[in-house]
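# Overview (structure and organization)
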Number of protein chains: 2
Amino acid sequence: MTIISADEILSMEQRYRATFINSVGGFKSLCLIGTISKDGMHNLAVFNSFFHVGANPPLFGLVIRPDSVERHTLDNILATGTFTVNHVNASIYRQAHQTSARYAREQSEFKATHLTPEFTGTCTAPFVKESDVRMSAKLIRRINLDENGTCIIIAVIQEVQLPDDCIGEDGFVDLEKAGTVTCQGLDSYHQTKRLARLSYAKPDKSLTEIPC
Amino acid sequence: MTIISADEILSMEQRYRATFINSVGGFKSLCLIGTISKDGMHNLAVFNSFFHVGANPPLFGLVIRPDSVERHTLDNILATGTFTVNHVNASIYRQAHQTSARYAREQSEFKATHLTPEFTGTCTAPFVKESDVRMSAKLIRRINLDENGTCIIIAVIQEVQLPDDCIGEDGFVDLEKAGTVTCQGLDSYHQTKRLARLSYAKPDKSLTEIPC
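What you see is a predicted model, and the numbers here were worked out from it, not measured in a lab.

Going through the model one piece at a time under the given rule, you end up with 14 salt bridges over all chains. Its salt-bridge partner being Arg-94 of chain A, residue Glu-209 of chain B comes within 2.4 Å of it at the nearest N-O pair. Of the two residues, Glu-209 of chain B is situated in the segment after strand S12 (188–197) and Arg-94 of chain A in helix H4 (residues 93–98); the pairing between them involves two chains. The exposure class of Glu-209 of chain B is partly exposed, given its relative accessible area of 47%. One salt bridge in this structure joins Asp-187 of chain B and Arg-197 of chain A, with 2.9 Å as the shortest N-O distance. Of the two residues, Asp-187 of chain B is situated in the loop between strand S11 (182–184) and S12 and Arg-197 of chain A in strand S12 (residues 188–198); the pairing between them involves two chains. Neither residue differs from the other here; Asp-187 of chain B and Arg-197 of chain A are each classed as buried. A network of salt bridges, in which partner residues are shared, links Asp-170 and Arg-197 of chain A together with Asp-187 of chain B.

Okay, the packing of aromatic side chains next. Counted under the stated rule, the structure contains seven aromatic pairs over all chains. Ring centres of Phe-50 of chain B and Phe-60 of chain B lie 4.4 Å apart, and the angle between their planes is 15°; on these two criteria the pair is classed as stacked. In this pair, Phe-50 of chain B sits in the loop between strand S3 (42–47) and strand S4 (51–54) while Phe-60 of chain B sits in strand S5 (residues 59–64), placing the two residues 10 residues apart along the sequence. Residues Phe-50 of chain B and Phe-60 of chain B agree in their burial class; the two are buried. Ring centres of Phe-60 of chain B and Phe-83 of chain B lie 6.0 Å apart, and the angle between their planes is 80°; on these two criteria the pair is classed as edge-to-face. Placement of Phe-60 of chain B in strand S5 and of Phe-83 of chain B in strand S6 (residues 82–87) is noted, with a sequence separation of 23 residues between them. For Phe-60 of chain B, a relative accessible area of 1% gives the class buried. The ring centre of Tyr-200 of chain B lies 5.3 Å from the NZ or CZ of Arg-15 of chain A, which sits over that ring.

These two copies of the chain differ by a rotation about an axis and a displacement along the same axis. Once turned by 180° and shifted 0.0 Å along the axis, chain B lies on chain A with an RMSD of 0.0 Å. On the angle and the small slide along the axis, the relation comes out as a two-fold axis. Of all interface residues in chain B, 100% are interface residues in chain A too; the two copies therefore contact each other through one and the same surface.

Calculation criteria
- Every chain's residues receive numbers from 1 upward, in the order its sequence appears when written.
- Written order determines the labels here, with chains lettered from A and ligands numbered from 1.
- Two thresholds apply to this predicted model, a pLDDT of at least 70 for residue-level local features and 80 or more for giving and counting side-chain atom pairs, whereas whole-chain, interface and lining totals are computed over all residues.
- To obtain the side-chain values, all non-hydrogen atoms of the structure were used and water was disregarded.
- What makes a salt bridge here is a side-chain nitrogen of Lys or Arg within 4 Å of a carboxyl oxygen of Asp or Glu, nothing more.
- Under the scheme used here, helices are H or I runs from DSSP no shorter than 4 residues and strands are E runs no shorter than 2 residues, and both carry numbers assigned from the N terminus.
- Each residue gets one of three labels from its accessible area relative to the maximum for its type: buried under 20%, exposed over 50%, partly exposed in between, using a 1.4 Å probe on protein chains only.
- Note on aromatic pairs: the rings of Phe, Tyr and Trp (six-membered ring only in Trp) are paired at centre separations within 6.5 Å, and the planes decide the class, stacked below 30 degrees, edge-to-face beyond 60, tilted for the rest.
- Distance and angle both matter: a charge sits over a ring if NZ of Lys or CZ of Arg is within 6 Å of the ring centre and within 35 degrees of the ring normal.
- Least squares is the method used to superpose the copies, on C-alpha atoms of residues holding a pLDDT of at least 70 in both.
- Working rule for contacts: check all heavy atoms of both residues, and any pair within 4.5 Å makes them a contact.

If you want it as structure tokens, here you go:
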């Protein structure tokens, strides 16, 4: 067992620390955020910071870094109030990773990474055609984190698109069946293998497995 | 492809909607949060909302639900300013799930689920002995989300404990090697299988794989 103190973390070389801290927190939700600028330019960026906030209304959060390529995403979300969330599968994880390159504002990451913008439903932002589980969302508000210049976007889900056979009778969306992958750190991509779905936990009651 | 609108989401039966929205967002970070009350009572609760906020200082966030068993966790964090984050592996995921049962405040989830509190380093809150990757953390601040009564805790990592052979030369923590599992929705637990670690993305440069 290695023990690393706060002082040791703060004295790490910058890139080493970024890799260490980004990877130590666990596996993460992985998605491509699709946006459109006021001028009609498409933008696509990979995010690993989607987190659940509530089911009613259906809210989630996204962490946006202070100055990175994803700033185009933030600018577009603030300008238009809307964006798409597209899950990443094993066929497109390399393209998803490539969207993190620092493309110029006038370059579309869709074009650069050979992913296809698709417009369906009422959302003005582009979906990723090659993604199997997709959502459109509306900006609720932005929370600035003065601690390090990042911000959190709180958004509400507007529409969900997913394969017919991936929703269970109880509403459970089987993302393993849908082929959604997960990630760890800034660059490690993983498929999953279910251990089990477990029944609702109660004191003094044994857990049972829920069939999937 | 099934398309589900905002109106359809809002008209779902409450439990169905909670299952649906909690599971549609992707795979999540899974950890046990260990706390201690002012009176010395140990508490342990499973969380799936750990998210990365920054590497310097090493910040992360946790979403806390409005009224649930995890309220004991929030009370203890607010009272003591400190807590532990313990990764979940395949040997303890059932026990981790069981901590979500509504135990009374005077019951220790450690005792109820046969997990062992361990006190190491400078943190006054208990670690989970059976966990292989562990952190202690200090509360920075609480952000209330008036939209649904949840709150976000922003915290700074104080110490990291992990197996010697799971840190790479570049600082990458190999959580798959450490046996950390991921989860989806409120009750589905998954092991992972790496597709690849990919090199830092640059425009007009091909990605290569980073050996693990």
